[in-house]
Each structure stands twice: as C-alpha cells, then as structure tokens.
Amino acid sequence: MTFQGDGPLDTSGVSGGGGGGRGRVALGGGVGLVVAIVAVLFGVNPGDILGGDSGTSAPQGTTNQAIQQQIDSCTVAKANSDSICRIVATTNSLDRVWPTLVRGYEKPRTVIFADAISTGGCGSASSSVGPFYCPGDRTAYFDPTFFTTLSDQLGGSDGPLAQEYVVAHEFGHHVQNLMGTMEKAQRLGSKGATSGSVRLELQADCYAGVWAEHADKGAGAMLEPITDQQIADVIQTAKAIGDDTLSGRDDSEGWTHGSAAQRTRWFTTGYRSGDPATCDTFSTRTL
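Residues numbered from 1 in each chain as written. Predicted model: local features only at pLDDT ≥ 70, side-chain atom pairs only at ≥ 80, totals over all residues. Heavy atoms only, no water.

Within an unreviewed UniProt entry, the label attached to the chain reads Neutral zinc metallopeptidase, and the organism entered is Williamsia deligens. Its UniProt record gives the chain a comment under Subcellular location (unreviewed entry), which states: "Membrane". (UniProt positions renumbered as here; feature names shortened; annotations may be inferred.)

Structure (structure tokens):
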C-alpha cells in the first residue's frame with residue numbers, strides 16, 4: 001500500500017480521453033519518448049515527430065467513456081491497486097503539497113488517455129510520447145500502459161511510488177510553467193549535456209523529490225510513511241530513463257533529460273531537502 005485511508009478522490013480536475021482499443025507504447029528503446037516530450041516542452045507538436053494517432057483506434061468515445069467511468073469510481077483504497085486511480089490519487093496529493101510551497105500555485109488539469117490524444121495546446125500525440133505536460137493548456141497527460149512499458153521494457157520499477165514519481169515529474173513541469181522557467185530553458189537549447197532541456201528535466205525530477213518529502217507528513221498526508229524500498233524503486237526508475245541508459249551511449253551531445261546518475265542525484269536532492277529552492281538546476285555548473 002502507498003495511500004492511507006479510504007473514501008472518494010477529488011476527480012474534478014481529471015478527465016478521460018483517447019482513441020480507444022488497447023493502449024500501445026512503442027517507444028523504440030525509449031529514444032522516442034525523450035524526443036517527443038522535449039518537443040512538447042519546446043513548443044513542437046509531438047505528432048509531427050512520432051506520427052500522432054496510429055490510425056487503428058476504435059472511436060474516441062468508447063475509451064473516453066470507459067476511462068471516465070473508472071476515474072469517477074476512484075477511491076483512496078482503489079489507488080493502491082489500480083493504475084488509473086493511482087494517477088488520480090497522486091494528483092490529489094500533489095495539489096495538496098504544492099500550494100504550501102509555491103505562492104499562487106494553480107492546479108493543472110490531468111487527462112488519462114489511451115492510444116492517442118488531441119491536446120488543447122500541443123497538437124496531437126500517440127501513446128509513443130509517454131506521459132507529458134503541455135504548457136499550452138496547462139494539462140498533464142498520461143496513458144497508464146506506460147507503467148507496464150516502463151517496468152517490462154525499460155527496466156524501471158513497477159512499485160507504486162515509482163509510478164507516482166512519474167506523475168510528480170509532470171506536475172514539476174507545471175510548477176516550472178507557472179514560474180516562467182520554461183521560457184528560460186527554451187533560450188538554452190533543447191539538446192546537450194548543459195542544455196535548457198536537461199536542466200528543465202532534472203529540475204522536474206528534483207521537484208518530484210520535494211513532493212515525496214512532504215507527501216507522507218502532516219495531518220492531511222495522503223501517503224503512508226515512505227519506505228527505503230519505495231525510494232529505491234524510484235531510483236531504479238530514474239536510472240532506467242536516463243539518456244545514457246535509453247540510448248546505450250555515453251555521448252552527451254544528444255541528451256535531453258540527463259544521465260541516470262543526474263536524474264538520481266536531483267530527485268534525491270529534492271527528497272532530502274523538501275525545499276524547491278534546492279532545485280535550481282539553471283544556476284549550477286555541476287549537473
């Protein structure tokens with residue numbers, strides 16, 4: 001178990017969508033994932049890179065309705081066994097934690113989809129993009145089948161906190177959007193070891209760690225006390241989606257998210273401090 005208590009979850013900011021059929025995440029070794037997400041954050045339609053909808057989906061309403069029904073039925077207890085409800089519960093926790101840390105925090109929207117999605121600000125995207133945040137419509141998008149791909153194909157953990165870390169990372173991008181950090185990143189470029197993209201992604205990892213530090217504390221904490229094993233699950237996942245791990249090369253010229261070691265270090269920095277101020281990846285010379 002990760003979440004404590006029972007009762008319904010707040011689903012007011014979460015909706016279902018997508019193209020129907022079975023969710024497919026064909027990441028091509030993971031390289032497609034990082035390229036497409038960077039495209040979204042730097043203002044490029046991910047469908048232009050990865051082809052958008054696969055064209056083999058059932059009518060959109062079919063999956064949209066099924067996902068929405070599942071979202072509407074979510075409870076805290078279900079979040080401990082169901083990936084869609086786990087996403088919803090994590091957004092609830094994030095929206096409790098971040099207002100205490102960032103003045104003027106505004107909740108993002110969350111869309112849980114299957115196969116393909118048309119966004120309100122970043123064009124269309126297929127499941128091959130993986131989870132992503134669209135600054136244009138201030139929405140985080142998740143296809144739950146990514147969690148299976150993450151553990152079965154990429155070497156990440158299937159532990160609940162590892163999945164919650166993925167959600168928290170995308171909400172980290174929302175915090176960056178609210179604070180104007182994305183504009184700073186765009187000026188520093190989208191590829192390379194010290195690029196704006198790498199700094200942006202590592203900061204989002206750090207913000208995910210900040211959330212984890214606060215998520216199990218206080219009277220309104222939604223998470224049970226986080227264990228060392230759960231943190232190890234997150235570290236396993238952070239390493240699995242490092243640029244060097246995904247590409248199988250140490251060449252940093254094409255990096256967009258940072259190495260396995262860097263992603264681990266910055267999540268750990270946020271988790272140990274619980275302070276967003278320690279996540280300033282844009283001022284440091286040592287990432």
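After that view of the structure, there is still more to cover.
Participant: Explain the pairing of strand β6 (residues 139-142) here, please?
Facilitator: Regular strands show a simple pattern: their side chains alternate between the two faces of the sheet. Burial along β6 is two-sided: the face carrying T139 and Y141 and the face carrying A140 and F142 are both buried. Summarising the sheet, strand β2 (residues 109-114) and β6 pair through four bridges and their orientation is parallel. Of the residues in β6, the one forming a bridge with V111 is Y141. Of the strand pairs in this sheet, strand β5 (residues 132-134) and β6 are connected by three bridges, and their pairing is antiparallel. If you follow F132 over to β6, its bridge partner there is Y141. Taken together, β5 and the strand that follows it, β6, pair antiparallel across an intervening segment of four residues, in which R138 is found at a positive phi of about 50°. (Buried < 20%, exposed > 50% of the residue type's maximum accessible area, 1.4 Å probe, protein only. Helix = DSSP H or I, 4+ residues; strand = E, 2+ residues; numbered from the N terminus. Pairing = 2+ DSSP bridges.)

Participant: Looking at this model, I keep getting lost on the side chain of Q262. Mind explaining?
Facilitator: Here Q262 lies in helix α11 (residues 260-273). The residues touching Q262, leaving out its near neighbours within four places in the chain, are L202, W255 and L287. (Contact = heavy atoms within 4.5 Å.)

Participant: I tried to follow the pattern of salt bridges on my own but got confused; where do I start?
Facilitator: Oppositely charged side chains can form a pair if their charged atoms are brought close together. Summed over all chains, the structure comprises four salt bridges. Between E106 and R138 there is a salt bridge, with the nearest N and O atoms lying 2.8 Å from each other. Residue E106 is located in the loop between α4 (83-97) and β2, and its partner R138 is located in the loop between β5 and β6; the two are separated by 32 residues in the primary sequence. Judged by relative accessible area, E106 falls into the partly exposed class, the value being 43%. (Salt bridge = Lys/Arg side-chain N within 4 Å of Asp/Glu carboxyl O.)

Participant: What is the right way to look at the environment of P131 in this model?
Facilitator: You can see P131 is positioned in the loop between β4 (124-126) and β5. Overall, the relative accessible area of 3% leaves P131 in the buried class. For the pair P131 and Y141, spaced 10 residues apart in sequence, the C-alpha separation works out to 5.6 Å.

Participant: Help me out: how do you make sense of the packing of aromatic side chains in this one?
Facilitator: The geometry of an aromatic ring pair is captured by two quantities: the separation of the ring centres and the angle between the planes. In total, this model carries five aromatic pairs according to the counting rule given. Their ring planes at 15° and their centres at 4.8 Å tell us that F132 and Y141 sit as a pair that is stacked. The pair F132 / Y141 is uniform in exposure class, with both members buried. Arranged with centres 6.1 Å apart and planes meeting at 5°, the rings of F267 and Y271 form a pair that is stacked. (Phe/Tyr/Trp six-rings, centres within 6.5 Å; stacked < 30°, edge-to-face > 60°.)

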